[in-house]
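Residue-level listing of the chains:
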Amino acid sequence: MAPRDATLRYADRVADIEPFRVVEVLERATALASAGRDIVHMAAGEPDFATAGPIVEAGRAALARGETHYSQAAGIPPLREALSRHYADTYGLDVPPSRIMVTPGASGALLLIAALLINPGDGMLMTDPGYPCNRHFMRLVEGRGQLVPVGASSNYQLTGALVEQHWRDNTVGAMVASPANPTGTALNRDELADLSRAVRGRGGHLLVDEIYHGLGYEASTPSVLEVDPDAFVINSFSKYFGMTGWRLGWLVAPEAAVAEMEKMAQNLFISMSTMAQYAALAGFEPGTRDILEERREIFRQRRDFLLPAIQDIGFQVPCKPQGAFYIYADASRFTADSQAFCLRLLEEHGVALTPGLDFGHHRAGEHLRFSYTTGLPRLELAVERLAKVLA
Ligand SMILES: Cc1ncc(COP(=O)(O)O)c(C=O)c1O
């Protein structure tokens, strides 16, 4: 990464926003690969599959038709309608298109929600470990992520009791992801209801990031909207739909909040990529769904291989990941410095993993995230290499 220019004066928030530590691992991996080393990449936060053919074709057709102008700030109506049908078909929920806003990725949804809810000094409860950008979005709008250390006893998730225990005078809500990054753990309906009760009891907002929905491998993953219709939901075309580079997501919010957020979206984004929105429509066609479901099954097979394999060589994984494409492994038998350990595994054994330090502070030096975003033969090779070093 380029060094910071010390002669320029930056806003205070810049110093509080941390870079992704994994970038150091990835840059080194690229250098090693260009020097001829074979690197197994297990540090990605995105599917290894290219976007499904019908979605690409729909994007191409949109370009050919000249869909190259701005679109409505809340998204094109057919996509909002398709998402509304998606809530009916998948969860049996009636979510009118007017409550759905298309956004530039889940990242855009997070920014809009933070801008809507957070005043300077406000706090938002969130898990540690958790997706690091969440606390940085809060900081960007002069709020604070209030990190709650979580572990196996709560399936790495917030609970109603934890919300009660950690709520402060300045707390305005709680935020979870289900399934979560980096742990893959999910909340069932009762757990979501428990969380909702605790947050609502305090007059707070509940934010649930459902970006890994569709990539669940156990029982179906409920939406928080099944138990709390006023919760804010963050979602995306990035993961299940395999469209990370297209930059398209969505949010579901109470009706009045959408009107306010639309105003902010007009100012912040004007529009999402119009072509990407027309492409995403194809994501709901039956032929595309078959491709995406096949890919989900491939991810499940990879998880079912990788989880016992890394446990066999000494990593502890106290909570079985129920979704996403990650395993958050306790490597305390081997290290207390996950960054140095990742660099060593890369340098000496050609396996790229993400250090736990990227996901917070709580025991972060003792954890690694394995992404199963490469094919089974490569995962087998990685385990073989790691087994040698850790023996
Ligand atoms: C939990 C979680 N939320 C949000 C995002 C942002 O996703 P995007 O902006 O690509 O939709 C990610 C990306 O890895 C994530 O893991």
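Bear in mind the structure is a predicted one, so any value in this text is a computation, not a measurement.

Observations concerning the site of the ligand
Next, step 1: Not every one of the 13 residues close to the ligand is listed here, only the nearest: G105, A106, S107, S236 and S238.
Next, step 2: No other element matches helix α5 (residues 105-117), which puts three residues into the shell around the ligand.
Next, step 3: Class assignment of the residues belonging to the shell around the ligand gives a composition of four nonpolar, eight polar and one charged.

Points about the sheet that holds strand β11 (residues 354-355)
Next, step 1: Pairing within the open sheet is antiparallel, and its three strands lie in the order β9-β12-β11. Whereas interior strands pair on both sides, the edge strands pair on one side only; in this sheet they are β9 (326-330) and β11.
Next, step 2: Relative to strand β12 (residues 367-371), β11 is paired through two bridges, and the arrangement is antiparallel. Note on β12: the bridge partner recorded for T354 is R369.

Some remarks on the domain arrangement of the protein
Next, step 1: Domain annotation of the protein identifies domain 1 (12-50 + 288-390) and domain 2 (68-285).
Next, step 2: On the domain 2 side, the residues contacting the 33 residues of domain 1 number 35 residues.
Next, step 3: Going through the elements one at a time, α1 (12-16), α11 (286-312), β9 and β12 are the ones with two or more residues in the side of domain 1 that touches domain 2.
Next, step 4: If one sorts the elements of the side of domain 1 that touches domain 2 by residue count, α11 sits on top with seven residues.
Next, step 5: Of the residues that constitute the side of domain 1 that touches domain 2, the class distribution is 15 nonpolar, eight polar and ten charged.

As for the sheet that holds strand β5 (residues 171-177)
Next, step 1: What the seven strands build is an open sheet, ordered β2-β8-β7-β6-β5-β3-β4; its pairing is mixed. Each edge of the sheet is formed by a strand with only one pairing partner; in this case those strands are β2 (100-103) and β4 (144-149). Taking each pair of neighbouring strands and ignoring which way they run, the sheet shows an average axis angle of 25°.
Next, step 2: Bridge count between strand β3 (residues 123-128) and β4: six bridges; the pairing is parallel. What sits directly across from T127, in β4, is V148.
Next, step 3: Running at roughly 165° to β5, helix α8 (residues 189-201) makes contact with β5 and β6 (205-209) of the sheet.

Comments concerning unusual backbone geometry
Peptide bonds are, in most cases, trans, and in most cases residues other than glycine have a negative phi.
Next, step 1: Geometrically, the link from S178 to P179 is a cis peptide bond, its omega value of -10° lying close to zero.
Next, step 2: The residue P179 is located in the loop between β5 and α8 in this model.
Next, step 3: Residue P182 is bonded to the preceding N181 through a cis peptide linkage, with omega at 15°.
Next, step 4: Relative to the helices and strands, P182 is located in the loop between β5 and α8.

Overview of helix α4 (residues 77-91)
Next, step 1: Look at α4: 21 Å from first C-alpha to last across 15 residues, which is about the 21 Å you get at 1.5 Å a residue.
Next, step 2: Residues of α4 that are buried include every one of L79, R80, L83 and Y87, and no others. With its buried residues spanning 100° around the axis, α4 presents them on a single face. Turned more than 90 degrees from where α4 packs its buried face, P77, R85, A88 and D89 sit exposed.
Next, step 3: Elements in contact with the buried residues of α4: β2, β8 (249-252) and α10 (274-281).

Describing the pairing of β5
Next, step 1: Most of β5 sits inside the fold, with six of its seven residues counted as buried.
Next, step 2: Pairing geometry for β3 and β5, over four bridges, is parallel. Bridge pairing in β5 places G123 opposite T171.
Next, step 3: The pairing of β5 with β6 spans five bridges and is classified as parallel. Looking across to β6, one finds that V176 is bridged to V208.
Next, step 4: The parallel pair β5 and β6 is bridged by α8, and the resulting crossover is right-handed.

Things to note about the packing of helix α12 (residues 338-349) against helix α13 (residues 376-390)
Next, step 1: In contact at an axis separation of 11 Å, α12 and α13 are set at 105° when each is read in the N-to-C sense. Between α12 and α13, the angle is such that the two are roughly perpendicular. Across the interface between the two elements, L345, E348 and H349 of α12 pack against R385, L386 and V389 of α13.
Next, step 2: For the contact of α12 with α13, the class distribution of residues is three nonpolar, one polar and two charged.

Rules used in this analysis
Throughout, a residue's number is its position along its own chain's written sequence, starting from 1. Thresholds applied to this predicted model are a pLDDT of at least 70 for local features of residues and 80 or more for the giving and counting of side-chain atom pairs; totals over whole chains, interfaces and linings are not thresholded and use all residues. Each residue gets a C-beta atom placed from its backbone. Should that atom fall within 6 Å of a molecule or strand, the residue is termed near it. Numbering goes from the N terminus for both helices and strands, where a helix is a DSSP run of H or I of at least four residues and a strand is a run of E of at least two. Three classes are used: nonpolar for Ala, Val, Leu, Ile, Met, Phe, Trp, Tyr, Cys and Pro, charged for Asp, Glu, Lys and Arg, and polar for all others, with Gly counted as polar. Two strands form a pair only when DSSP identifies at least two bridges running between them. Domain ranges listed in this record stem from an automatic or a database domain assignment. Two residues qualify as a contact pair if the distance between their C-beta atoms, derived from the backbone, is within 7 Å. Axis definition: a line fit to C-alpha positions, over the contact stretch in the case of helices; interaxial angles, taken between N-to-C directions, run 0 to 180 degrees. The length a helix should cover is 1.5 Å for every residue beyond the first. To sort residues by burial, count the other C-beta atoms lying within 10 Å of each one's C-beta; a count of 20 or more means buried, 12 or fewer means exposed, and anything in between means partly exposed. C-beta atoms are built from the backbone. Arc definition: it is the arc formed by the directions from the helix axis to the C-beta atoms. Classification remark: right-handed applies to a crossover when, strands pointing away from the viewer, the course from the first strand over the helix to the second runs clockwise. Orientation labels follow simple angle bins: below 35 degrees gives roughly parallel, above 145 gives roughly antiparallel, 65 to 115 gives roughly perpendicular, and whatever is left gives oblique.

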